[in-house]
Amino acid sequence: MLKLWSEFWEDTKMGTSGLTLADLPNIFIMIGALVALFVMLVILLRNMEVIGIVGEGREDAWSRTMPPPRLLMQRVHIPFTFKIQENAPIGYSGVNCCVSSTVRYWHASWWGAPVRELHRTLWGSLADILSSSQLKFTKSGPHDEGPMRLSTVEPLQLGPPPRTCYPLVVILARDLKDIGELRPDDTVALVSVVHIRDEQCPLPSGVIAQYLKQANGHLSCLKQLYVTGECGEETEGYTEGSEHGDVALCCVCAAQPLSRALLPCRHACLCARCLPKLDKCPICRSAITSYFCIRNEEEPLSELKQQQRFPFNRRLFNLFHYH
């Protein structure tokens, strides 16, 4: 190919009047060689992580050409709280817990609850739950967080795992007289599933699942959100006396408040500006499939306008695996 270029350059210096038909095959060969070189370069750049030249291996083939989809978050008001007391013994003889409520409510504990029967009961209406023959409810008024001890009379024998029964299920439900003016998405019951460690199932004791029963009949599962946490007196990802106050900051830029929770890992660690630059969670390195907002913060207008005005630049960066 260098020889062809030299011959072409010599012909140009010698005053050749123009290209002839005999020169066209040589030109086509040079163009084809340049195109092949460019394609090979692009393939190498796109596969640098895959073949192990730079970084770690990728789970998905390539980075996304578009940002991950945003899921809408529905805010709901939960009038109840339920948690296991810390540093308190947990066993089949009794469980010490803390309960609070801002409304009148009924509470019941279901020891050795069959999984199938429990979910069949929960999918019924609030009236069906309160009238269930498996549950004995006790009425209470609104109160601040206070201790409550739950115990069973008969000893439980749940057998080895996998089990078909939960050790303990605690249900907190609104009074039927107070649900007339509720919105469809308001919470009418909080259901907590508690695991109790024993000799045959050594998993740690604690609340393993919580469900929300809404006024419209829907049943939702509560899942924990992992936010960048504390590190002694100086909290990593937090700032004091800054323009954002005492709020958690993005773990990438450490300048903007974190506002994006990633799915499916549920790590809340990024701000709106850093999210489009990543395709993996910076905490656990799992692929980002979608996200939702945990603060009232919109997408950066400058970046959106730039992507709308210069879509070709964004596609060109994605072509070379550049963020």
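Here is what the cut-offs are and how they apply
- Sequence order as written defines residue numbering, which begins from 1 separately in each chain.
- pLDDT decides what is reported in this predicted model: residues at 70 or higher carry local features, side-chain atom pairs at 80 or more are listed and counted, and totals for whole chains, interfaces and linings draw on all residues regardless.
- Computation of side-chain values covers all heavy atoms of the structure but excludes hydrogens and water.
- Values of pLDDT, the confidence the predictor places in each residue, fall between 0 and 100.
- The contact criterion used throughout is that any non-hydrogen atoms of two residues lie within 4.5 Å.
- We call a residue buried when its accessible area falls under 20% of the maximum for its residue type, exposed when it is over 50%, and partly exposed in between, using a 1.4 Å probe and counting protein chains only.
- A helix here means a DSSP run of H or I that spans at least four residues, while a strand means a run of E at least two residues long, and both kinds are numbered starting from the N terminus.
- Within this analysis, the arc is defined by the directions that extend from the helix axis to the C-beta atoms.
- Any two strands are treated as partners once DSSP identifies two or more bridges connecting them.
- Definition used for salt bridges: Asp or Glu carboxyl oxygen within 4 Å of a side-chain nitrogen of Lys or Arg.

### Quick notes on the confidence of the model for the chain
Link 1 in the chain: Per-chain confidence: the chain averages 77 in pLDDT, with 72% of residues scoring 70 or above.
Link 2 in the chain: Low pLDDT, under 50, characterises residues 299–312; the predicted model gives this stretch 10 contacts beyond four residues in sequence or across chains.

### Points about helix α3 (residues 115–122)
Link 1 in the chain: Inspection of α3 places Leu118, Thr121 and Leu122 among the buried residues, and these make up the whole buried set. The buried residues of α3 occupy an angular sector of 95° when the element is viewed end-on, so they sit on one face. Facing away from the buried surface of α3 by more than 90 degrees, the exposed residues are Arg116 and Arg120.
Link 2 in the chain: For α3, the secondary structure elements touched by its buried residues are β4 (105–114), α4 (126–130), β7 (165–174), β8 (187–195), β9 (206–214) and β10 (219–222).

### As for the sheet that holds strand β13 (residues 267–270)
Link 1 in the chain: As summarised here, the arrangement of the four strands in space is β11-β13-β12-β14, forming an open sheet in which the pairing is mixed. Bordering the open sheet on either side are β11 (226–227) and β14 (290–293), each of which pairs with just one other strand.

### So, the environment of Val76
Link 1 in the chain: Looking at the element boundaries, Val76 is found in the loop between α2 (24–46) and β1 (80–84).
Link 2 in the chain: Among the residues examined, Val76 registers a relative accessible area of 31% and is labelled partly exposed.
Link 3 in the chain: Remark: the alpha-carbon pair of Val76 and Asp186, spanning 110 residues in sequence, is separated by 6.2 Å.
Link 4 in the chain: Beyond its immediate stretch of four places on either side in the chain, Val76 contacts Asp185, Thr187, Leu212 and Gln214.

### Points about the pattern of salt bridges
Link 1 in the chain: Summed over the entire model, instances satisfying the criterion amount to seven salt bridges.
Link 2 in the chain: For the salt bridge of Lys139 with Asp175, the shortest nitrogen-to-oxygen distance reads 3.5 Å. Residue Lys139 is found in strand β5 (residues 138–140), and its partner Asp175 is found in the loop between β7 and β8; the two are separated by 36 residues along the sequence.
Link 3 in the chain: Take Lys139: its relative accessible area is 42%, and that puts it in the partly exposed class.
Link 4 in the chain: On the accessibility criterion, Asp175 (4% relative accessible area) is buried.
Link 5 in the chain: Asp185 is the partner of Arg183 in a salt bridge, and the nearest nitrogen-oxygen pair spans 3.9 Å.
Link 6 in the chain: Asp185 gets classed as buried once you look at its relative accessible area, which sits at 18%.
Link 7 in the chain: Three or more residues are tied together by salt bridges with common partners; here these are Arg183, Asp185 and Asp186.

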